[in-house]
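Structural characterization, general
What follows is the residue order along each chain.
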Amino acid sequence: MAVKAKKNTEAAAQPKKGLIQRRDRKGIWFCLPFVITFLVFNIYPVFRTLQMSFMSYKGFGKETFIWFDNYTRAFKDSLFWDAFLNTLKMWGVNIVLQLGLALLLTIIFNDMKYRMRGLSIFRALFYLPNLIACTSVAFLFKTLLDWRFGTVNQILLDAGIISAPVNWLTGEGLTAQMVVGVVGAWMWFGNSFIMLMAGVQGIDRSYFEAATIDGAGRWKMFTKVTMPLLRPIMLYVAVTSLIGGLQLFDLPYLLSGTKGQPGRSLFTAVFYLYDMAFNKNQMGYAAALAFVLFLIISVFCAIAFKLMNRKED
Amino acid sequence: MEKVKTKTAKSLLYLFLILLSALCFTPFYLMLINATRSGNEIMTSFSLIPGASLAQNWALVTENMDLGRGFLNSLFLAVCNTALSAYFSALTAYGLAYYKFPGAKVIFTVMLVFMMVPSQLSLLGFYDLCNQMGLIDSYIPLILPSIASPATVFFLRQYILSVMPRALLEAPRIDGASEFMIFHKIALPIMMPGIATMAIGAFIGSWNSYLIPMLLINSPAKRPLPVMVAELSAVRDITTNLGATYLVVAISVVPIMVAFCFFSKYIINGISAGSVKE
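The shown structure was predicted, so the numbers you read here are calculated from the model rather than taken from an experiment.

Quick look at the overall build of chain A now. On a plain count of helices and strands, chain A comes out with 13 helices and two strands. A globule of 313 residues ought to have a C-alpha radius of gyration of about 20 Å, yet chain A, at 27 Å, is considerably larger. Taking the principal axes of the C-alpha coordinates as reference, chain A spans close to 105 × 75 × 35 Å. Burial statistics for chain A: of 313 residues in total, 41% are counted as buried. Taking contacts inside chain A between residues at least 6 apart in sequence as the whole, the part at least 24 apart equals 71%.

Spelled out as C-alpha cells, the structure:
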C-alpha cells in the first residue's frame with residue numbers, strides 16, 4: 001500500500017516537472033525578436049567594425065587585409081591625438097562646471113536646517129535643456145553667440161561689460177573650446193543633479209539626523225556623511241560623463257558649422273573619426289580609431305574605479 | 001538673531017536658484033522673442049518684448065523649407081520607435097523574468113555587456129551593414145533596431161519583478177490561458193507605468209536623434225526635423241534673415257517643451273529610477 005502511494009506521487013511529480021520545463025522553454029519565443037534584432041543591428045556591427053579596422057577599405061569596393069597597419073598609423077597620427085586633447089579640454093571644462101553645480105544644488109536641497117522647497121519645480125526647470133535636440137541647441141547658441149549680430153554680445157556691450165564684441169566661436173585659442181564646455185554643462189547639469197539627488201534620497205535620513213544631533217557643522221556633514229554615502233552614485237555619474245565626454249561629437253560639430261574651426265580647435269576624437277570615415281572614405285582607418293578610442297575609454301574608466309574604490313578604505 | 005540669519009541665507013539661496021532657472025530658460029525665451037522679430041531688428045538690438053514680424057518670418061520659412069514634412073517625418077519615426085521599443089522590450093523583459101529557458105542567462109549577460117560598449121564602435125559597422133543591404137535612404141534601419149533596446153529591457157525586467165508576484169500567473173494558467181495571452185491580458189497592463197516612463201524617453205530620444213538619420217537619409221523629402229535644422233545654414237534665404245532662423249529652431253523645440261510640461265514627473269522619475277537601481 002505504502003509502496004503504491006509512493007509510486008503514485010512520483011508519477012504525479014514527473015509530468016509536472018516536465019510541464020514546467022516545457023513551459024519554461026516557451027520563454028525563448030518572448031525573447032526571439034529581441035535576440036534576432038540585437039544580433040543583426042548591435043552585435044554584428046561591432047564585429048564588422050573590428051574586422052574593418054584590420055583592412056584597407058573605402059567603405060565600398062575592395063577589402064584588403066593589412067592587419068595592424070591602421071593601428072600603428074593611429075598611434076603616430078598627431079592630428080588624431082590633437083583632436084583627443086581637444087576632447088579632454090572641452091570635457092574638463094564641462095565636467096567641473098556640471099558636477100560642481102549639481103553637487104552644490106544637491107547640498108542646498110539636502111540641508112537639514114534650511115529645508116528648501118520647490119525641489120520638483122526647480123528640478124524640472126534645470127532639466128529642460130537636456131530635452132532639446134542638440135541640433136537646435138547648437139544652432140540657437142551659434143546664433144546667440146554670433147560675433148556681429150549675436151544677442152549675447154549685444155547685451156554685454158549695452159551693459160558696458162565689454163567694449164568690443166567677443167569672438168565666442170571664431171576667435172583664437174581656448175575660447176571656442178570653453179564655450180563648448182560651458183554649453184555642454186548648461187545642457188547636462190540638470191541630469192547630474194537629478195541623479196545625485198536620487199542618490200541622496202536613497203540615503204537613510206537617520207544618518208543626517210544623528211550627525212546633526214552630534215553637532216556636525218555643514219562642512220563636516222558634507223565631507224564625513226554626504227560624500228562617502230554618495231560615492232557610488234558620484235562614480236556612476238562621473239564614469240557615464242567620461243564615456244559620453246570622450247565621445248563628444250554633436251555639439252562641437254554643429255557649433256563649428258561642421259568644419260571644426262577655428263584652427264581645428266573644435267575637432268574632437270569622434271569628429272576626426274567621422275571625418276575619416278565619411279568625408280575621406282577611409283573606413284578601415286576610422287574603424288581602427290574607434291577601437292583605439294574604446295581602449296582609451298576603458299583605461300580611463302578602470303582608473304576612475306580604482307581611484308574611487310581606494311578612498312573607501 | 002539666529003532666525004534672521006537663517007532667513008537671509010535662505011532668501012539668498014532662493015535667489016540663486018531662481019537666477020539659475022532663468023539661465024536655463026533665457027536662451028529659449030530669447031529664441032521665442034527673436035522668432036517674432038524681423039532680421040533687421042535682431043541685428044541692431046536685443047529686446048525682451050515680442051516683435052510684429054512673426055507672420056512675415058513664417059511666410060519666409062514656409063516658402064523655402066518643407067518644415068511640415070520634416071515634422072511629420074520626425075513624428076512618424078518617433079511613434080514607430082516608441083511603439084516597437086515599448087512592446088518588444090516588455091515582451092523580452094517578461095520572458096527573461098519569468099521563464100528559465102536555456103540561454104536566458106547568456107542573453108541577459110550579453111545584453112549588459114553591450115550596454116557598456118560605446119556607440120561609435122558599432123556606428124561604422126552599422127553604416128556598412130546598411131550600405132551592403134541597400135538600406136541607405138530607407139526608414140528601415142531607423143526603425144527596426146528599436147526592437148532591441150537593452151536599457152529598456154533591463155529597466156522593465158527589474159520593474160516587473162518588483163511589482164508582479166509569480167503566483168499571479170498561476171490562476172490563469174489553471175484556467176487554460178496560453179502564455180502569450182497571459183502576457184497580453186495580465187503582465188502588460190501591470191507593467192504599464194514602467195512602460196510609460198521608458199516610452200517617453202524613447203520618444204524624445206527618437207525625436208532628437210541626429211547622427212544616424214543624417215548619415216543614412218539622402219532625399220530631402222525623408223529628412224526628419226533635426227537634420228533639417230542642422231542643414232539650415234545651407235538655405236540662403238532663411239539664414240540671411242535671423243528672425244526666420246530663430247523661428248525654425250523654435251518650431252523644432254516647442255513640441256518637446258509642451259510635452260515636458262505634461263510629462264515632467266514621469267521623465268524625471270525615469271532618470272532617478274535608472275540611476276538608483278544598480
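Back to the write-up after that little detour.
The subject of this paragraph is the overall build of chain B. Looking only at helices and strands, one finds 14 helices and zero strands in chain B. A compact globule built from 278 residues should have a C-alpha radius of gyration of about 19 Å, whereas chain B, at 24 Å, is more than 25% larger. Considered along the principal axes of its C-alpha atoms, chain B spans approximately 75 × 75 × 35 Å. Counting only residues that meet the buried cut, chain B has 41% of its 278 residues in that class. Put simply, 75% of the contacts in chain B that link residues at least 6 apart link residues at least 24 apart.

A few words now on the nonpolar core. Ranked by size, the top nonpolar core spans 158 residues in total, and within it A:Leu273, A:Ala286, A:Leu289, A:Ala290, B:Leu156 and B:Val248 carry the most contacts. Looking at this core, the element that brings in the most residues is helix α8 (residues 175-201) of chain A, giving 15 residues. Contacts of A:Leu273, omitting those with residues within four sequence positions, involve A:Ala286, A:Leu289, A:Ala290 and B:Gln120.

Here we take up the confidence of the model for chain B. Predicted coordinates in areas of low pLDDT are best not read in detail. On average, residues of chain B carry a pLDDT of 87, and 97% of them reach 70 or more. Here the predicted complex scores 0.85 on pTM and 0.86 on ipTM.

Residues of helix α7 (residues 151-158) of chain A that are buried: A:Thr151, A:Asn153 and A:Gln154. Angularly, the buried residues of α7(A) cover 165° about the axis, an arc narrow enough to put them on a single face.

Residues and elements named next belong to chain B. Contact geometry of helix α4 (residues 67-98) with helix α10 (residues 179-208) gives a least axis separation of 8 Å together with a crossing angle of 140°. Viewed along their axes, α4 and α10 adopt a mutual orientation that is oblique. Note that α4 runs across α10; the crossing there is right-handed. Residues Ser-74, Leu-77, Ala-78, Asn-81, Thr-82, Ser-85, Ala-86, Ser-89, Ala-90, Leu-91 and Tyr-94 of α4 form the contact with α10, whose participating residues are Phe-183, Ala-187, Leu-188, Met-191, Ile-195, Met-198, Ala-199, Ala-202, Phe-203, Ser-206 and Trp-207. Of the residues in the contact of α4 with α10, the class split is 16 nonpolar, six polar and no charged.

Residue and element names in this part refer to chain B. The residue Ser-89 is located in helix α4 in this model. Given 29 C-beta atoms within 10 Å, Ser-89 falls into the buried group. Sequence-wise, Ser-89 and Leu-156 are 67 residues apart; in three dimensions their C-alpha atoms are separated by 7.4 Å. Those residues within four positions of Ser-89 in sequence are excluded, and the remaining contacts are Ser-149, Thr-152, Val-153, Leu-156 and Met-198.

With that out of the way, let us pick up the environment of A:Ala302. Locating A:Ala302 in the fold gives a position in helix α13 (residues 283-312). Taking C-alpha positions, A:Ala302 is 9.6 Å from A:Val239, a pair spaced 63 residues apart along the chain.

Cut-offs and rules
Every chain's residues receive numbers from 1 upward, in the order its sequence appears when written. As they are written, the chains are lettered A onward and the ligands numbered 1 onward, keeping that order. Per-residue local features are limited, in this predicted model, to residues with pLDDT of at least 70; the limit for side-chain atom pairs, both in listing and counting, is 80 or more; totals at the level of whole chains, interfaces and linings are taken over all residues. Helix and strand assignments come from DSSP, with helices taken as H or I runs of at least 4 residues and strands as E runs of at least 2, each series counted from the N terminus. Values of the radius of gyration come from C-alpha atoms, whereas the globule rule sets the reference at 2.2 Å times the count of residues to the power 0.38. Counting other C-beta atoms within 10 Å of a residue's C-beta gives its exposure: the residue is buried at 20 or more, exposed at 12 or fewer, and partly exposed in between, where C-beta atoms are placed from the backbone. The contact criterion used here is simple: two residues whose C-beta atoms, placed from the backbone, lie within 7 Å are in contact. For the purposes of this analysis, a nonpolar core is taken to be any set of buried Ala, Val, Leu, Ile, Met, Phe, Trp, Tyr and Cys residues that are connected through C-beta atoms within 7 Å. Looking at any residue, its pLDDT shows the predictor's confidence there, from 0 to 100. Of all possible arcs, the one meant is that of the directions from the helix axis to the C-beta atoms. Comment: axis = line fitted to C-alpha atoms, over the contacting stretch for helices; angle = value between 0 and 180 degrees taken between N-to-C directions. Throughout, the term roughly parallel applies to angles under 35 degrees, roughly antiparallel to angles over 145, roughly perpendicular to angles from 65 to 115, and oblique to all others. Handedness of each helix crossing follows the sense of rotation of the near helix against the far helix: counterclockwise by less than a right angle gives left-handed, clockwise gives right-handed. Under the scheme applied here, ten amino acids are nonpolar (Ala, Val, Leu, Ile, Met, Phe, Trp, Tyr, Cys and Pro), four are charged (Asp, Glu, Lys and Arg), and all others, including Gly, are polar.

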